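Report on the structure
If you want the building blocks of each chain, they are given just below.
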Amino acid sequence: MLMFRLHPGWCQAMGAIVDATRRVHGLTGQPIEPGGLHVSLTGFGDCREIEEVIVRAVVAAAANVRMPPFDLVFDRIVSFRNGGPLVLLCGAGVNLVIDLERRINGVLNDAGLRLRRRASFVPHCTVLYDKRLVPEMPLDRPITVRVAEFHLLRSKFGDRQSVGRWPLLG
């Protein structure tokens, strides 16, 4: 998947929000490890391993994405559905994440990968999974993150590895 990772400093602030939400709503799910916090931009299906030919095509195409770095503000927390992810949602900057996703898909499609855009793409950061439902709530202290690069992450048997990284350049 193509995604951007969240800086450890931001992860600490997110961890405090998750801990408070767990206490208030009686959640028992374990928080996502700080190194795993990210915002997904483009996926390549349910395969556990990205084929090497796809990796090479993505690496070549992703270098063509042009967009200046931007700030993104996580300002709400909500469960997407019962038994599913608890996520942080974005306010300010959300349209820039959507624009980045469109640009990435555009260069990948130009390279022949033929990915379909997700019409229902909602930029978010999953922070834990739990069976209980948390209604949408504003954060007392929104978290502003700087999006300055994106990664290609390969997952093989649960082991995730960054195999490409590109800075956002205007």
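Residues numbered from 1 in each chain as written. Predicted model: local features only at pLDDT ≥ 70, side-chain atom pairs only at ≥ 80, totals over all residues. Heavy atoms only, no water.

A closer look at the sheet that holds strand 3 (residues 70–79)
Ordered in space as 5-4-3-6, the 4 strands form an open sheet in which the pairing is antiparallel. Both edges of this open sheet fall to strand 5 (124–129) and strand 6 (137–147), since each of them pairs with a single strand only. If you compare each strand with its neighbour and ignore which way they point, the axes differ by 30° on average. In the sheet, strand 4 (residues 85–90) pairs with strand 5 via 5 bridges, with the strands oriented antiparallel. In the strand pairing of strand 5, Val 87 is matched with Thr 126. In the packing of helix 3 (residues 94–110) onto the sheet, the strands contacted are strand 3, strand 4 and strand 6, and the crossing angle to strand 3 comes to about 105°. (Pairing = 2+ DSSP bridges. Helix = DSSP H or I, 4+ residues; strand = E, 2+ residues; numbered from the N terminus. Axes fitted to C-alpha atoms, helices over the stretch in contact; angles between N-to-C directions. Contact = heavy atoms within 4.5 Å.)

Brief notes about the pairing of strand 2 (residues 38–42)
For strand 2, the buried fraction is high: 4 of the 5 residues fall into the buried class. Inspection of the sheet shows strand 1 (residues 2–5) paired to strand 2 by 4 bridges, in the antiparallel sense. Its bridge partner being in strand 2, Met 3 is matched across the sheet by Ser 40. (Buried < 20%, exposed > 50% of the residue type's maximum accessible area, 1.4 Å probe, protein only.)

Focus on the nonpolar core
Soluble globular proteins tend to pack their nonpolar side chains together in the buried interior. The biggest cluster of nonpolar side chains holds 45 residues, and the ones touching the most others in it are Leu 6, Leu 72, Phe 74, Leu 88, Leu 100, Cys 125 and Phe 150. The greatest single-element share of this core, amounting to 7 residues, is contributed by helix 3. For Phe 150, the residues in contact, after removing those within four places along its chain, are Leu 2, Met 3, Phe 4, Leu 41, Ala 62, Val 65, Ile 104, Gly 164, Arg 165, Trp 166 and Leu 168. (Core = buried A, V, L, I, M, F, W, Y, C linked by side-chain atoms within 4.5 Å.)

Let's talk about the pattern of salt bridges
Following the criterion strictly, the structure yields 5 salt bridges and no others. A salt bridge links Arg 146 to Asp 71, with the nearest nitrogen and oxygen atoms 3.2 Å apart. Of this pair, Arg 146 sits in strand 6 while Asp 71 sits in strand 3, placing them 75 residues apart in sequence. With relative accessibility at 42%, the residue Arg 146 sits in the partly exposed group. Overall, the relative accessible area of 40% leaves Asp 71 in the partly exposed class. Between Glu 136 and Arg 76 there is a salt bridge, and its shortest N-O distance comes to 3.3 Å. Pair noted here: Glu 136 is in the loop between strand 5 and strand 6 and Arg 76 is in strand 3, with a separation of 60 residues, a long-range link. Among the residues examined, Arg 76 registers a relative accessible area of 24% and is labelled partly exposed. By sharing partners, the salt bridges in this structure join Asp 75, Arg 76 and Glu 136 into a single network. (Salt bridge = Lys/Arg side-chain N within 4 Å of Asp/Glu carboxyl O.)

Brief notes about the confidence of the model for the protein
Residues of the protein with pLDDT of at least 70 account for 86%, and the chain-wide mean is 82. Of all helices and strands in the protein, the one with the weakest mean pLDDT is strand 1 (73), whereas strand 3 scores best (94). (pLDDT = per-residue confidence, 0-100.)

Describing the environment of Val 65
Within the element layout of this structure, Val 65 appears in the loop between helix 2 (52–62) and strand 3. Overall, the relative accessible area of 3% leaves Val 65 in the buried class. Sequence spacing of Val 65 and Arg 103 is 38 residues, and the spatial spacing of their C-alpha atoms is 6.4 Å. For Val 65, the contacting residues outside a window of four places in its chain are Leu 100, Arg 103, Ile 104, Val 107 and Phe 150.

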